[in-house]
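# Structure assessment
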Amino acid sequence: MASDNKIRVHFKSNHADPDSFPPTIEGESVFAITKERFDNAIESYPDLKNKIEPIFDWDLENFYESMKTAEVLVCWDFPTENLAEIAPKLRWIHIIGAGVEHLCPMDWVPEHVSVVNNRGVHSAKAGEFGLMSVLMLHTHIPEIIQNQQNKHWESLYSSPILGKTLLVIGTGNIGHAAAKKCKLLGMKVIGVSRHGMPLEGVDQMVKVDKLDEVLPAADYIFMSTPNTTETFNLLDKRRQSLMKPGVGIVNVGRAATMDYDALVENLNSGHIKAAIIDVFDPEPLPSNSILWDTPNLMVMPHISADDGDTYIPLTLELVLMNMQRYIADEKLNNLINPDLGY
């Protein structure tokens with residue numbers, strides 16, 4: 001039981017479980033919030049040391065008992081049914097990922113509970129991955145790797161990427177970070193978002209309803225959208241047919257935002273030159289998936305935005321910054337709109 005003057009925070013981590021959805025393959029090594037990691041993080045916030053009572057739990061071992069008094073929940077997934085009854089003192093939930101589609105529809109959120117996500121924690125790593133991926137596509141790396149596997153020697157030349165057009169579909173923290181990195185190389189960058197508002201490092205911003213108009217202009221496409229009702233199958237077979245022949249595609253958002261069957265067809269025909277895909281459904285990608293053997297398709301094991309060294313420290317920094325705001329009765333950062341799902 002928390003003392004009256006302390007905020008009880010329940011940190012729920014998952015043991016490695018490849019059969020869960022989403023799977024938790026890495027377990028403690030990457031995504032777990034342990035006492036040691038928390039103690040290291042709170043050293044930078046000495047004003048909070050005597051104001052928080054942290055509880056560190058695995059899976060659902062002590063979840064229901066702890067939630068009777070918890071005011072804050074920090075986790076990836078959890079049982080949402082009857083949450084208002086199970087956790088009567090709960091006031092905010094921090095999801096340690098950017099996507100929350102595994103908790104949608106979010107009609108379970110009690111009126112008095114705020115939900116925030118990890119938006120921004122991924123930016124630095126994802127921006128570098130985006131830059132790397134676009135350069136790999138431009139320099140024919142997927143084809144060169146395939147040629148090596150087939151012991152086939154062919155000199156595939158490329159010119160400087162200056163002046164090529166990158167279309168970023170989804171210009172949140174991840175997409176925007178990739179856009180700014182690629183802009184440094186002299187690329188023209190077009191961004192697509194729900195709001196279409198101007199962004200630094202992006203030459204042209206359009207709303208989603210203009211996607212068909214800008215697709216034919218792209219030499220490379222970087223997908224970084226969450227999976228919502230608005231983005232489901234956004235890059236479908238029809239839209240893929242609008243793309244410039246020889247286009248290269250990267251998807252680091254969610255698998256459901258792109259028609260992968262159409263992608264396979266277009267890679268086989270050569271309409272799409274190459275693709276680097278980091279998100280799949282299910283994950284891990286089954287060994288019998290056709291994607292493994294599709295020409296010029298690089299399968300990335302969901303590594304574009306996560307890293308084992310800084311992910312949890314940055315997550316805890318975001319949690320503790322929000323804790324300061326919560327104590328001061330200020331609006332929390334990274335609030336999710338339950339109706340939109342992001």
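In this report, we go over the structure that sits alongside the text. Note that the coordinates shown come from a computational prediction; the quantities given were computed from them, not determined experimentally. (Residues numbered from 1 in each chain as written. Predicted model: local features only at pLDDT ≥ 70, side-chain atom pairs only at ≥ 80, totals over all residues. Heavy atoms only, no water.)

## Details of the sheet that holds strand β8 (residues 204–207)
Going by this rule: In this scheme, strands are said to pair when DSSP sees at least two bridges between them. Every helix listed is a DSSP run of H or I at least four residues long, and every strand listed is a run of E at least two residues long, numbered separately from the N terminus. Lines are fitted to the C-alpha atoms to define the axes, a helix being fitted only along its stretch in contact, and any angle between axes, read from their N-to-C directions, falls within 0 to 180 degrees. The contact criterion used throughout is that any non-hydrogen atoms of two residues lie within 4.5 Å.
Reading across the sheet, the seven strands line up as β8-β7-β6-β9-β10-β11-β12 and stay open at both edges, with parallel pairing between neighbours. Taken across any chain shown, the strands that pair with only one partner, and hence form the sheet edges, are β8 and β12 (297–299). Sheet twist, expressed as the mean angle between neighbouring strand axes with direction ignored, is 15°. By the bridge criterion, three bridges tie strand β11 (residues 272–277) to β12 in an arrangement that is parallel. When the sheet's bridge partners are listed, I277 is paired in β12 with V299. Across the sheet, helix α5 (residues 123–138) lies against β6 (165–169), β9 (220–223), β10 (247–251), β11 and β12, angled at about 150° from β11, the strand it touches most.

## Details of the packing of helix α2 (residues 35–42) against helix α11 (residues 311–327)
Defined as follows: Roughly parallel means an angle under 35 degrees; roughly antiparallel means over 145; roughly perpendicular covers 65 to 115; every other angle is labelled oblique. In this scheme, a crossing is called left-handed if the near helix is turned counterclockwise away from the far one by less than a right angle; it is called right-handed if the turn is clockwise. Charged residues are taken to be Asp, Glu, Lys and Arg, nonpolar residues to be Ala, Val, Leu, Ile, Met, Phe, Trp, Tyr, Cys and Pro, and polar residues to be all remaining types, Gly included.
At a minimum axis distance of 10 Å, the contact between α2 and α11 shows a crossing angle of 60°. Accordingly, the angle class assigned to the pair α2 and α11 is oblique. As α2 runs across α11, the sense of the crossing is right-handed. Residue-level contacts link R37, F38, A41 and I42 of α2 to I312, L316 and L320 of α11. Residues belonging to the contact of α2 with α11 are distributed by class as follows: six nonpolar, no polar and one charged.

## Considering the pairing of strand β7 (residues 188–193)
How we decide: Each residue's exposure class comes from its accessible area (1.4 Å probe, protein chains only) as a fraction of the maximum for that residue type: buried when under 20%, exposed when over 50%, partly exposed otherwise. Here is how to tell: hold the view so the strands point away, follow the path from the first strand over the helix to the second, and if it runs clockwise the crossover is right-handed.
For β7, a buried count of five out of six residues is recorded, marking the element as mostly surrounded by other parts of the structure. In this structure, β6 lies alongside β7, joined through five bridges in parallel fashion. Bridge pairing in β7 links V168 to G191. Assessed by its sense of winding, the connection that carries the chain from β6 through helix α7 (residues 173–183) to β7 is right-handed. Where β7 lies against β8, four bridges are found, and the strand directions are parallel.

## Some words on the sheet that holds strand β2 (residues 52–58)
The strand order across the open sheet built from five strands is β2-β1-β3-β4-β5, with neighbouring strands paired in parallel fashion. On the outer flanks of this sheet lie β2 and β5 (114–116), each paired with one strand and no other. For this sheet, the mean angle separating the axes of adjacent strands, direction not counted, is 15°. The pairing of strand β1 (residues 7–13) with β2 spans seven bridges and is classified as parallel. Within β2, the residue paired with I7 across the bridge is I52. α2 contacts β1 and β2 of the sheet and is inclined by roughly 150° relative to β2.

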